[in-house]
Amino acid sequence: MIQTNARATFSPQGPFQLTTIERRELQPHDVHIEIKYAGICHSDIHTARGDWGPVNYPLVPGHEIAGIVIQVGSDVTKFAVGDRVGVGCMVDSCGQCVNCNHGEEQYCLHGMTGTYGAIDKYGHYTQGGYSTHIVVTEAFVVSIPEGIELDAAAPLLCAGITTYSPLRRWGAAPGKKIAVIGLGGLGHMAVKLAHAMGAEVTVLSQSLKKQEDGLRLGADYFYATNDPVTFQQLAGAFDLILNTVSAEIDLNAFLSLLAVDGTLVNVGAPAEPLSVQVFSLIQNRRSFAGSMIGGIRETQEMLDFCAEHRITPEIEIVSANQIDEAWERVLASDVRYRFVIDIRTMEME
Ligand code: NAP
Ligand code: ZN
């Protein structure tokens, strides 16, 4: 086993503590990555705090991983030592089922293996990217294109792909009117990506506090959802609404903003159930959908798209001993717009 430094939480409320975890010895298709940066996703917080179900502690979160290959297994063909690479929310899947064969490993019929909090095929409990090293089978490693710095690349591995995939699937393009609910980690990537795809983009944020940022990031319009007039002004306005909010919202109010045949896609994953009145869908023949990250092939496509269009997230670098503080700021919607842990600060301890 390979001993690795990590930051783990030992209970729902933390705090994070320095610990040592084990990574498996390299198998023929494995890539050994020295992690340079790890993004902080709201899903890390949902998971650690038990919002989505029971948790095995200690838990090392982190599924927005960017680093350098330091060793490859004997049968690895995709990567070599020194390559700049990323790992997102999954580290394995069956590779045989219809969904894996379609490049949608996130919907593997046998269940994909999460980067943390899952049991892998070796029977090990997976631990994530708030750590110095990780060993991942090459099929779940992607290349970070030249032109995207490693710190900025990290959030693309979850926030980037989770917004890119539904924008592509539901046809973000010139002539399409798209609204993004919540300007956080996912939301700000959705704005940049939808803008680059040529759509008209509106941000629906709780207040106007982030308006200047939203417009700078590529939004055409910005509205506060704490103002009831917003819902009157925008009734029936959008072809697609992407809900990135981490908490319960009044879904019916937002569904009323969809045009005929419009779709509201939920990527936010709050602990609480959301309630939909059927009439919100019947009116205007609307759809309500969900979407989970994206497949590995699509993740590489998203990275290449970001390099081509010079799209990178807005990040704030934090050190390993600032994780608890950063989490509190995420919970307070006070992140502009993604925290990224500099993993070097972990090694120095
Ligand atoms: P985040 O950075 O905290 O952003 C969430 C944003 O939602 C906030 O910035 C805030 O935007 C808005 N918001 C927060 N609380 C709210 C409330 N009570 N009412 C209305 N708006 C509120 O989180 P994130 O990392 O982007 O993740 C967002 C959600 O997506 C989480 O639930 C996460 O677990 C989920 N997620 C899902 C997938 C997937 O595959 N489907 C992947 C990654 C993450 P404003 O300040 O602009 O209002
Ligand atoms: Zn995530």
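Described in the following lines is the structure provided in the data block.

## Here we look at the site of ligand 1
Near ligand 1 there are 29 residues, and of these H42, L183, S205, K210 and R338 occur at the shortest range. Between ligand 1 and Q206, the relevant distance is 2.9 Å, taken from an oxygen atom to a side-chain nitrogen or oxygen of the residue. Surface burial for ligand 1 is 89%, taken as the share of its 920 Å² of free accessible area covered by protein chains. Breaking the shell around ligand 1 down by element, the ones donating at least two residues are α1 (42-48) and α5 (185-196). At three residues, the largest contribution of residues to the shell around ligand 1 is made by α1.

## Quick word on the coordination of the zinc ion (ligand 2)
For the zinc ion (ligand 2), every protein donor is listed as C41 (SG), H63 (NE2) and C158 (SG), and the spread of their distances is 2.0 to 2.2 Å. In the primary structure, the donors to the zinc ion (ligand 2) are separated according to the pattern C-x21-H-x94-C. Of this pair, H63 sits in the loop between α1 and β4 (65-72) while C158 sits in the loop between α3 (150-153) and α4 (159-169); the two residues are 95 residues apart in sequence, bridging distant segments of the chain. Neither H63 nor C158 differs from the other in exposure class; each is buried.

## Section: the sheet that holds strand β11 (residues 200-205)
Taking strand neighbours across the sheet as the criterion, the six strands line up as β12-β11-β10-β13-β14-β15 in an open arrangement whose pairing is parallel. Taken across any chain shown, the strands that pair with only one partner, and hence form the sheet edges, are β12 (221-224) and β15 (287-290). Between one strand axis and the next, the sheet turns by 20 degrees as a mean value, whatever way the strands run. Pairing of β11 with β12 involves four bridges; the strand directions are parallel. Bridged to L204 within β12 is Y223. On top of the sheet, α4 reaches β10 (177-181), β13 (238-243) and β14 (258-266); it is set at about 160 degrees to β13, its chief contact.

## Considering α4
Of all 11 residues in α4, nine are buried; the element is thus mostly enclosed. All buried positions along α4 are accounted for by A159, G160, I161, T162, T163, Y164, S165, P166 and L167. In this structure, the buried side of α4 is in contact with β10, α5, β13, β14, α10 (296-308) and β17 (338-342). Positive backbone phi, approximately 75 degrees, marks G171, located one or two places after α4.

## Side note on helix α11 (residues 323-331)
For α11, the full list of buried residues reads I323, A326, W327 and V330. Down the axis of α11, the buried side of the element spans an arc of 100 degrees, and every buried residue falls inside it. Turning to α11, the residues buried within the fold contact β1 (2-9), β2 (16-23), α1 and β17. S333 sits one or two residues past α11 and shows a positive phi near 55 degrees.

## Considering a nonpolar patch on the surface
On the surface, V278, F279 and I282 cluster together into a nonpolar patch covering about 360 Å² of accessible area. Counting through the fold element by element, V278 comes out in helix α9 (residues 278-282).

## Structural notes on the pairing of β4
Bridging between strand β3 (residues 30-39) and β4 involves seven bridges; their strand directions are antiparallel. Among the inter-strand pairings, E34 is bridged to a residue of β4, identified as I68. Relative to strand β5 (residues 84-87), β4 runs antiparallel, the two being bridged by four bridges. Along β5, the bridge assignment pairs G67 with V85.

Rules and cut-offs
- Residues numbered from 1 in each chain as written.
- Chains lettered and ligands numbered in written order.
- Predicted model: local features only at pLDDT ≥ 70, side-chain atom pairs only at ≥ 80, totals over all residues.
- Heavy atoms only, no water.
- Near = heavy atom within 4 Å.
- Polar contact = N/O pair within 3.5 Å; in protein donor to acceptor, adjacent residues only side chain to side chain.
- Areas by Shrake-Rupley, 256 points an atom, 1.4 Å probe, with all protein chains shown as cover.
- Helix = DSSP H or I, 4+ residues; strand = E, 2+ residues; numbered from the N terminus.
- Donors = N, O, S within 2.8 Å, 3.2 Å for Na, K, Ca; no water.
- Buried < 20%, exposed > 50% of the residue type's maximum accessible area, 1.4 Å probe, protein only.
- Pairing = 2+ DSSP bridges.
- Axes fitted to C-alpha atoms, helices over the stretch in contact; angles between N-to-C directions.
- Contact = heavy atoms within 4.5 Å.
- Arc of directions from axis to C-beta.
- Patch = residues over 30% accessible without salt bridge, like charges linked within 9 Å, V, L, I, M, F, W, Y side chains within 5 Å.
- Salt bridge = Lys/Arg side-chain N within 4 Å of Asp/Glu carboxyl O.

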